[in-house]
Amino acid sequence: SNGNATRIRGVATDPAVLRSDRSLIVRPSGNLTKDYAKQRAAWEAMIRAARADAVSVTVHKWHQNDGTLWPLNALVQVISPTLGIEGTMRIASATHTAGGNDGETTELALVRPDAFSPDPSATVQPNRSKRPRR
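Residues numbered from 1 in each chain as written. Predicted model: local features only at pLDDT ≥ 70, side-chain atom pairs only at ≥ 80, totals over all residues. Heavy atoms only, no water.

1. What to know about the pairing of strand β3 (residues 85–97)
Basically, it comes down to this: A pair of strands is treated as paired once DSSP finds two or more bridges between them. Here a helix means four or more residues in a row that DSSP labels H or I, a strand means two or more in a row labelled E, and each is numbered from the N terminus.
When strand β2 (residues 75–80) meets β3, the two strands line up antiparallel, connected through six bridges. Bridge pairing links I79 to E86 in β3. In this antiparallel pair of consecutive strands, β2 and β3, the connection spans four residues, and G84 shows a positive phi of 75°. Bridging between β3 and strand β4 (residues 105–111) involves seven bridges; their strand directions are antiparallel. When the sheet's bridge partners are listed, R90 is paired in β4 with V111.

Here is the structure:
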C-alpha cells in the first residue's frame, strides 16, 4: 500500500446544507489518487443532494396518455407550485393501486435527474501495466 494514500483527500460541500456538523467520510477501496478523491467527493455530494430532494406524487390511472405504463428511470416534466417544483424529474419508482374512491392510481417517487449518476470509479481506466489473470 502507498503511505501517501492516508493523506489523499477530496472534499465537496453542499451549500444547501446549513449545519456544519453534517460530514460524511467515505473510505473507498482500491487505488486512490488525488483526482479520483475529488471526483468521488463531488459525486457523493451531488447524488446525496439529488436523492434528498425526492418527492412523491399520485397520478390518476396506471398509464400515460399514450397507453404505456409509467416507465422507471424516465424523465418527466413536473410543474407543482404546491411542492415548489418546476422542471425535469426522474421516476425512481412507480406503485400502482386499484380500487378505493380514486380508482386506478400510480404513486410516482421522483428524484432529481442526477440522482443515479454513475460512480466515478466506473469511468476510471484500468491499470494496463498489470498482467491479465490466467
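2. Considering the side chain of R90
The test is simple: Any residue under 20% of the maximum accessible area for its type is buried, any over 50% is exposed, and the rest in between are partly exposed; the area is computed with a 1.4 Å probe on protein chains only. The term polar contact refers here to a pair of N or O atoms within 3.5 Å; inside protein, the definition further demands a hydrogen-donor-capable atom paired with an acceptor-capable atom, and it admits residues adjacent in sequence only when both atoms are side-chain atoms. Contacts between residues were defined by any pair of non-hydrogen atoms, one from each residue, lying within 4.5 Å.
With respect to the helices, strands and loops of the structure, R90 is situated in strand β3. Using a relative accessible area of 16% as the deciding quantity, one classes R90 as buried. A polar atom in the side chain of R90 sits 2.8 Å from the backbone oxygen of N73. Here P113 takes part through its backbone oxygen, which lies 3.1 Å from a polar atom of the side chain of R90. Leave out the neighbours within four places in its chain, and R90 touches N73, A74, L75, A109, L110, V111, R112, P113 and F116.

3. Section: the sheet that holds β3
Using the following cut-off: Axis definition: a line fit to C-alpha positions, over the contact stretch in the case of helices; interaxial angles, taken between N-to-C directions, run 0 to 180 degrees.
Read across the open sheet, the four strands follow the order β1-β4-β3-β2; overall the sheet is antiparallel. With one partner strand each, in any of the chains shown, β1 (55–60) and β2 form the two edges of the open sheet. In this sheet, neighbouring strand axes are inclined to one another by 50° on average, regardless of whether the strands run parallel or antiparallel. Of the strand pairs in this sheet, β1 and β4 are connected by six bridges, and their pairing is antiparallel. Paired with T58 across the two strands is E107, which belongs to β4.

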